[in-house]
Amino acid sequence: MQRFKNKVCIISGGASGIGAKTAEMFAEEGGKVLIGDVDEKNGKNQTEKITEKYGNGTAIFFYLDVSNPNDCEKAVKKAVHEFGCVNYLLNSAIKMAPGMLKELSLENWNTMITIGLTGTFLMTQATGRWMIDNNIPGSIVTMSSIGGQQPYGMSGAYSTVKAAVIMLAEHFGIEWASHKIRVNAICPGHTETPLTSYLKDSDIKKQRSEITPLLRVAQPIDIANGILFLFSEEADYITATTLEIDGGLSKTVMNHLPGRKWK
Ligand SMILES: NC(=O)c1ccc[n+]([C@@H]2O[C@H](COP(=O)([O-])OP(=O)(O)OC[C@H]3O[C@@H](n4cnc5c(N)ncnc54)[C@H](O)[C@@H]3O)[C@@H](O)[C@H]2O)c1
């Protein structure tokens, strides 16, 4: 499929994990991608990998700290300068600062909020402003998490951020619908990336697979498939909503009720 021939995508957090896989798959379908990340080494490696496979001019790396409004604006300008347009944005950047709320330092709280929430706001605003000023329709996807719908251990700040970005995507989606800019969120379940290095522990991976209705943890390709769907014309009537890609995990709470059998 070449759904994104000559289309342009910015991916924040594109140096690693879900963002990196999406960048690759976007280029495979004919698109051009700006990989924006604070991790220059992995960002440049990923850019090289893509250009080697899909040709010069298919990917560029740009140093982007999503918590810096100037960086966000410059990233959009860079994409337009290099590729002539911006059609899509994926907000994938995250920095973890876990901890129980009782002990969580203000510094760790601020790290989560500044990169996860404010960064998503700034990058979406910068991209959408350019699209609106230039009358370009587009699609923006923000990475939330099933952790944004369910509390879980050590993730009071993360879950709060991931809940907030769902509402942020809904707001942007409604505000910008008349400009034909669609904005949606994705809630992955446990996905094997550098972020979830604990899945390298085969016992944890096995146990997590067993509690997932589809009996496996996700791979980045599973999430990237959903992101590219939301970018694509097939999702033309989908905005201000959330797509869960979790193998059914978040719908299993009733499995824990004693006295009810599923089989
Ligand atoms: N992996 C999972 O199980 C999972 C589950 C649910 C949601 N998610 C979400 O999906 C997204 C991607 O997760 P991942 O697993 O690919 O993570 P990852 O750690 O592999 O990638 C995150 C990237 O964000 C970059 N980053 C950190 N701070 C940044 C900043 N200030 N500006 C720009 N880039 C910055 C990192 O350098 C890294 O390249 C995240 O938003 C995460 O919360 C992941």
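Model, not experiment: these values are computed from the prediction.

Draft legend 1. Seen up close, the nonpolar core. Membership of the largest hydrophobic core comes to 35 residues, with the highest contact counts inside it found for I10, L34 and M123. Secondary structure elements with two or more residues in this core: β1 (8–12), β3 (59–63), α3 (69–83), α4 (106–133), α5 (156–175) and β6 (181–188). The element contributing the most residues to this core is α4, with 6 residues. Leave out the neighbours within four places in its chain, and M123 touches I10, S12, L64, V66, C72, A75, V76, L89 and N91. M25, I50, V141 and I245 belong to the second largest nonpolar core, which has 27 residues in total.

Draft legend 2. Layout of the site of the ligand. Neighbouring the ligand are 28 residues; S16, I18, D37, Y158 and T193 lie closest to it. One nitrogen or oxygen atom from the main chain of G189 is found 3.5 Å from an oxygen atom belonging to the ligand. Computed on the free molecule, the ligand has an accessible area of 830 Å², of which 93% lies beneath the protein chains in the complex. Counting residues per element, the ones that place at least two in the shell around the ligand are α1 (17–28) and α5.

Draft legend 3. Fine view of the pattern of salt bridges. A full pass over the atoms with the stated rule returns 11 salt bridges. The partner of K78 in a salt bridge is E82, and the shortest N-O contact between them spans 3.2 Å. Taken as a pair, K78 and E82 lie in helix α3 at a separation of 4 residues, close to a single helical turn. By relative accessible area, which is 28% here, K78 ends up partly exposed. Take E82: its relative accessible area is 37%, and that puts it in the partly exposed class.

About the criteria used
- Residues numbered from 1 in each chain as written.
- Predicted model: local features only at pLDDT ≥ 70, side-chain atom pairs only at ≥ 80, totals over all residues.
- Heavy atoms only, no water.
- Core = buried A, V, L, I, M, F, W, Y, C linked by side-chain atoms within 4.5 Å.
- Buried < 20%, exposed > 50% of the residue type's maximum accessible area, 1.4 Å probe, protein only.
- Helix = DSSP H or I, 4+ residues; strand = E, 2+ residues; numbered from the N terminus.
- Contact = heavy atoms within 4.5 Å.
- Near = heavy atom within 4 Å.
- Polar contact = N/O pair within 3.5 Å; in protein donor to acceptor, adjacent residues only side chain to side chain.
- Areas by Shrake-Rupley, 256 points an atom, 1.4 Å probe, with all protein chains shown as cover.
- Salt bridge = Lys/Arg side-chain N within 4 Å of Asp/Glu carboxyl O.

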